[in-house]
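# Structural description and commentary
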Amino acid sequence: INSFIVYKNATHISISSDQLRNYIIDKYKIPKSTISKVPNFVDTDYFKPKVNPEDFIPNRVLSISRIVKQKNLSLLIKALSKTNYGLDIVGDGEMKEIISSEAKNLKVDVRFLGIFPNEKLANIYNRYPIYVICSNIEGNPKTLLESMSCGNAIIGTNVIGVNNIIVSKENGLLCEKNEEEIREAIIYLMKNPVVRKTLGNAAREKILKENSIQKFVDKEFFMYKSLLKIN
């Protein structure tokens, strides 16, 4: 009810993805003309590839995430079972003990690294060959955008909020929410550094083109200019 009142009385609405815009239009019958899409931005001068980082970790994948049901880390644990690859998780949440228990049962080497301030994350992204996001649903996930900006090879689930960012086999790999498919994608990228580099470069280019701070400022300025009817 509160969302309905806010949306119905708003002069203009700014959202971060097409999916969210379509949801608001369908659910609340808001005219499309009153909604602007302004995706999240990334500081591409900070979140950028680091050439040959000294502390590179070759046999582990990275996930930066709240440890909650929506992020579906259980699926990633299952995907990593029957492989020789480990998982490092940056973040915390209510399901940490459950995820830890599942990892032990499936003999998956998981390390919980805790929470880091944003200014330390670029170095973390650059330490890993692969970044995986297994969410059930997303909005416009900042960690995915940051990871792509750092040139990581990305694996993501084919869900709202991820499949509008990752173009499979072009700037990352999209998988259904299936442990076998995700496992195969991880093994494939781990064994193919040239493919990782190609996908990572394309991911970086996409962020530069669509999610830089300048792109964000331009879109915000255009939106406010339109609202104020400035010529």
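Rules and cut-offs
- Residues numbered from 1 in each chain as written.
- Predicted model: local features only at pLDDT ≥ 70, side-chain atom pairs only at ≥ 80, totals over all residues.
- Heavy atoms only, no water.
- Core = buried A, V, L, I, M, F, W, Y, C linked by side-chain atoms within 4.5 Å.
- Buried < 20%, exposed > 50% of the residue type's maximum accessible area, 1.4 Å probe, protein only.
- Helix = DSSP H or I, 4+ residues; strand = E, 2+ residues; numbered from the N terminus.
- Contact = heavy atoms within 4.5 Å.
- Salt bridge = Lys/Arg side-chain N within 4 Å of Asp/Glu carboxyl O.
- Right-handed = clockwise from strand over helix to strand, strands pointing away.
- Pairing = 2+ DSSP bridges.
- Disulfide = S-S within 2.5 Å.

Turning next to the nonpolar core. Counting 29 residues, the largest nonpolar core has Val61, Leu76, Leu80, Leu87, Ile155 and Ile186 as the members making the most contacts within it. Counting residues per element, the ones that place at least two in this core are α3 (73-80), β4 (86-90), α4 (96-105), β6 (130-133), β7 (153-157), β8 (173-175) and α7 (179-191). Sorting elements by how many residues they give to this core places α3 first, with six residues. Each residue touching Leu80, except ones within four places of it in the same chain, is listed here: Val61, Tyr85, Gly86, Leu87, Val108 and Ile186. One finds Tyr125, Tyr128, Tyr131 and Met148 within the second-largest nonpolar core, a separate group that totals 25 residues.

Counted according to the given criterion, the structure contains eight salt bridges. Put simply, Asp88 and Arg60 hold a salt bridge, and the shortest N to O gap is 2.7 Å. Of this pair, Asp88 sits in strand β4 while Arg60 is found in strand β3 (residues 60-64), placing the two residues 28 residues apart along the sequence. The same class applies to Asp88 as to Arg60, namely buried. Two residues, Asp109 and Arg60, come together in a salt bridge whose shortest N-O distance is 2.8 Å. Here Arg60 lies in strand β3 and Asp109 lies in the loop between α4 and β5 (110-114), a separation of 49 residues in the sequence. A network of salt bridges, in which partner residues are shared, links Arg60, Asp88, Asp109 and Arg111.

Attention now moves to the pairing of β4. Among the five residues in β4, five count as buried, and that is most of the element. Burial along β4 is two-sided: Gly86, Asp88 and Val90 facing one way and Leu87 and Ile89 facing the other are all buried. The parallel pair β3 and β4 is bridged by α3, and the resulting crossover is right-handed. Two strands pair when backbone bridges link them, and β4 and β5 are joined in this way by four bridges, in the parallel orientation. The partner of Leu87 across the bridge, within β5, is Val110. In the classification by handedness, the crossover that spans β4, the intervening α4 and the parallel β5 is right-handed.

Here we come to the state of the cysteines. Following the criterion strictly, the structure yields zero disulfides and no others. In this model Cys134 remains outside any disulfide bridge; the closest cysteine sulfur is found in Cys175, 8.0 Å from its own. On the basis of relative accessible area, Cys134 is assigned to the buried category, the value being 4%. Overall, the relative accessible area of 4% leaves Cys175 in the buried class.

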